[in-house]
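Fold and contact review
One letter stands for each residue in the lines below.
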Amino acid sequence: MLVGKELFNWLERIGIGDRLKEVELYAPWTIVRVDGTVRHKSKMHEGEYSGYHLLGIELDEKLEHYA
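Read on for an overview of the structure. The model shown is predicted, which means the values in this text are computed figures rather than measured ones.

Points about the overall build of the chain
- Across its full length, the chain holds 1 helix and 4 strands.
- Its helices and strands taken in sequence order, the chain reads β-α-β-β-β from the N to the C terminus.
- Dimensions of the chain along its principal axes, counting C-alpha atoms only, are 35 × 25 × 15 Å.
- A total of 67 residues make up the chain; the buried ones form 19% of that total.
- Considering only contacts in the chain between residues 6 or more positions apart, those separated by 24 or more positions represent 40%.
- Accessible surface for the chain amounts to roughly 5200 Å². Of this, 51% is attributable to carbon and sulfur atoms.

Quick notes on the pairing of strand β4 (residues 53-59)
- As paired strands, strand β1 (residues 2-3) and β4 are joined by 2 bridges and run antiparallel to one another. Among the inter-strand pairings, L2 is bridged to a residue of β4, identified as L54.

What counts, and at which threshold
- Residues numbered from 1 in each chain as written.
- Predicted model: local features only at pLDDT ≥ 70, side-chain atom pairs only at ≥ 80, totals over all residues.
- Heavy atoms only, no water.
- Helix = DSSP H or I, 4+ residues; strand = E, 2+ residues; numbered from the N terminus.
- Buried < 20%, exposed > 50% of the residue type's maximum accessible area, 1.4 Å probe, protein only.
- Contact = heavy atoms within 4.5 Å.
- Areas by Shrake-Rupley, 256 points an atom, 1.4 Å probe, with all protein chains shown as cover.
- Pairing = 2+ DSSP bridges.

Structure (structure tokens):
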């Protein structure tokens, strides 16, 4: 998940292994609420999204049936 400046304060409180509940994922055809565990967190240093953070979340359920 790509995280912009407006959520940096929230992101500072999130660590590897933390559980996230009811995270909303948006697609043009649906909005899905999911639970998961943070597995990766890093700051982008190059390219179009330089300055943003990348947050990897292992979801409790697969999203295949939403595609």
